[in-house]
Amino acid sequence: MTKLGRELSAKGVNVISLSVGEPDFNTPDHVKNAAKTALDQNYTRYSPVPGYPDLRQAIANKLKTENNLDYDASQIVVSTGAKQSLSNVILTLIDPDDEVIIPTPYWVSYSEMVTLAEGKSVFIDTDLESNFKITAEQLEAAITPKTKLFMFSSPCNPTGSVYNKAELEALAKVFEKHPNIYILSDEIYEHINFVDKHESIAQFDSIKDRVIIVNGFSKAFAMTGWRLGYIAANKEIAAANDKLQGQTTSGTCSIAQRAGIVAYEQGLESVLEMKKAFLRRRELVYNLLNEIPGVKTNLPDGAFYFFPEINAFFGKKDAEGNVIKDSSDLSLYLLNVGHVATVGGDSFGNNNYIRLSYAASDESLVEALKRIKEALAKLN
């Protein structure tokens with residue numbers, strides 16, 4: 001959808017993109033300055049495969065001070081973005097025919113990574129009524145002797161759902177009964193969280209050794225192009241990820257790593273400012289979505305997405321008589337008629353929804369929701 005939107009923009013059409021999953025803010029100046037200093041200090045050579053020791057220590061310190069989690073620097077592996085971190089974990093853990101449980105909706109690459117590892121994705125469906133979160137009972141029912149891994153994100157892309165401590169504890173109690181299952185916890189949206197504080201499933205000592213945290217700098221510090229992510233895991237898994245990465249990309253960008261140290265050591269002031277803007281935009285978009293007949297939505301607790309239910313428009317026709325059959329059709333319709341780029345929910349494992357990113361200016365969001373409302377009103 002992003003590609004199609006750009007193609008339409010290149011033809012002179014004023015397209016508003018709500019399809020891209022990245023903050024619309026600039027990287028904070030102190031982080032950029034750290035990168036410039038790194039260049040001046042000639043950090044331009046190969047870096048250690050798992051990351052510079054002082055960056056890994058800065059990450060371990062962050063996990064302790066912000067999350068009350070004890071990790072040694074040797075348990076941290078820095079990669080070229082959280083996406084590579086996820087891929088590394090799956091490739092090191094999953095053998096052919098191993099099952100990976102994934103709640104839906106999920107980030108588009110999860111199931112494809114499992115396929116690359118020759119594993120099998122097992123989906124647990126959620127919906128608007130459950131705030132797109134699974135229960136312990138659903139998890140227990142999905143587990144089989146072949147289950148090797150459970151992977152999820154909180155805050156979630158694409159729904160913005162956030163698991164609280166009690167909900168995570170209930171899931172942890174299920175995992176206590178199944179000691180052969182690993183848990184991959186994608187926490188990349190940790191700091192874009194509008195409820196209380198971020199909770200990690202790694203906080204439960206009974207399962208911590210089987211939890212692999214994936215996080216990074218892209219969302220919190222608006223560093224998407226810097227490609228800097230990491231895992232925190234037990235030493236055996238960390239060593240396996242180090243070994244795999246050494247045969248693929250090796251160490252990530254030296255300059256990005258030096259900037260990452262400063263990002264973690266100089267506080268969260270810029271992050272909190274960005275979070276304030278996202279909170280304001282969330283309220284704005286929530287109110288505007290609720291004004292559109294046929295659209296249902298919840299109020300997400302984190303990230304910067306809405307995942308509204310739009311299946312009320314399935315079966316309707318556009319001005320040319322084309323039938324809207326699914327979420328992809330609706331997204332294409334909104335792009336071509338409303339000139340707003342969204343993403344169909346089928347990409348995320350649930351066809352009855354579309355994803356809207358509100359990482360855009362207030363003015364763009366108001367105009368985009370106006371266009372969506374008008375375009376949907378034309379369907380009959």
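Residues numbered from 1 in each chain as written. Predicted model: local features only at pLDDT ≥ 70, side-chain atom pairs only at ≥ 80, totals over all residues. Heavy atoms only, no water.

Let us look at the packing of aromatic side chains. Overall, the coordinates contain 23 aromatic pairs when judged by the stated rule. The interplanar angle of 50° and the centroid separation of 5.4 Å between the aromatic rings of F150 and F175 together place this pair among those described as tilted. Of this pair, F150 sits in strand β5 (residues 147-153) while F175 sits in helix α7 (residues 165-176), and the two are 25 residues apart along the sequence. Taken individually, F150 and F175 each receive the classification buried, so the pair is uniform in this respect. Taking the centre distance of 5.6 Å and the plane angle of 85° together, the rings of F152 and Y163 count as edge-to-face. (Phe/Tyr/Trp six-rings, centres within 6.5 Å; stacked < 30°, edge-to-face > 60°. Helix = DSSP H or I, 4+ residues; strand = E, 2+ residues; numbered from the N terminus. Buried < 20%, exposed > 50% of the residue type's maximum accessible area, 1.4 Å probe, protein only.)

Counting buried positions along strand β3 (residues 99-104) gives six out of six residues, so the element sits mostly inside the fold. Residues E99, I101 and P103 of β3 are buried on one face, and the alternating residues V100, I102 and T104, pointing to the opposite face, are buried as well. Alignment of β3 against strand β4 (residues 120-125), held across six bridges, turns out to be parallel. By the bridge assignment for β4, V100 is matched with S121. (Pairing = 2+ DSSP bridges.)

Turning to the packing of helix α3 (residues 53-67) against helix α9 (residues 254-265), a few remarks are in order. At a minimum axis separation of 9 Å, α3 and α9 run at an interaxial angle of 25°. Considering the angle they form, α3 stands roughly parallel to α9. As for the relative orientation of α3 and α9, their crossing is left-handed in sense. For the pair α3 and α9, the contacting residues are D54, L55, A58, I59 and K62 in the first and Q257, R258, G260, I261, Y264 and E265 in the second. Split by residue class, the contact of α3 with α9 holds five nonpolar, two polar and four charged. (Axes fitted to C-alpha atoms, helices over the stretch in contact; angles between N-to-C directions. Parallel < 35°, antiparallel > 145°, perpendicular 65-115°, else oblique. Left-handed = near helix turned anticlockwise from the far one by under 90°. Contact = heavy atoms within 4.5 Å. Nonpolar A, V, L, I, M, F, W, Y, C, P; charged D, E, K, R; others polar.)

Let us now look at the domain arrangement of the protein. The extent of an interface is frequently quoted as the accessible surface area lost upon association of the parts. Domains assigned within the protein are domain 1 (1-21 + 270-377) and domain 2 (29-266). On the domain 2 side, the residues contacting the 27 residues of domain 1 number 28 residues. When domain 1 packs against domain 2, close to 2,300 Å² is buried across both sides, 62% of that on carbon and sulfur atoms. The tally of links from domain 1 across to domain 2 stands at zero salt bridges. At the surface where domain 1 touches domain 2, the tally comes to 12 residue pairs in polar contact (both at pLDDT 80 or more). Elements with a minimum of two residues in the side of domain 1 that touches domain 2: α10 (269-289) and β9 (305-306). Per-element accounting of the side of domain 1 that touches domain 2 gives the leading share, seven residues, to α10. (Domains from an automatic or database assignment. Buried area = accessible area lost by both parts, 1.4 Å probe. Salt bridge = Lys/Arg side-chain N within 4 Å of Asp/Glu carboxyl O. Polar contact = N/O pair within 3.5 Å; in protein donor to acceptor, adjacent residues only side chain to side chain.)

Within this structure, the stated rule accounts for 19 salt bridges. A salt bridge links E140 to K177, with the nearest nitrogen and oxygen atoms 3.0 Å apart. Within this pair, whereas E140 is found in helix α6 (residues 136-142), its partner K177 is found in the loop between α7 and β6 (182-186), the two being separated by 37 residues in sequence. Classification of E140 by relative accessible area gives partly exposed; the value is 28%. Under the relative-accessibility criterion, K177 is labelled exposed at 56%. Residues E273 and K276 are paired through a salt bridge, measuring 3.3 Å at the closest nitrogen-oxygen approach. With E273 and K276 both in helix α10, this residue pair falls three residues apart, about one helical turn. On the accessibility criterion, E273 (46% relative accessible area) is partly exposed. Overall, the relative accessible area of 53% leaves K276 in the exposed class.

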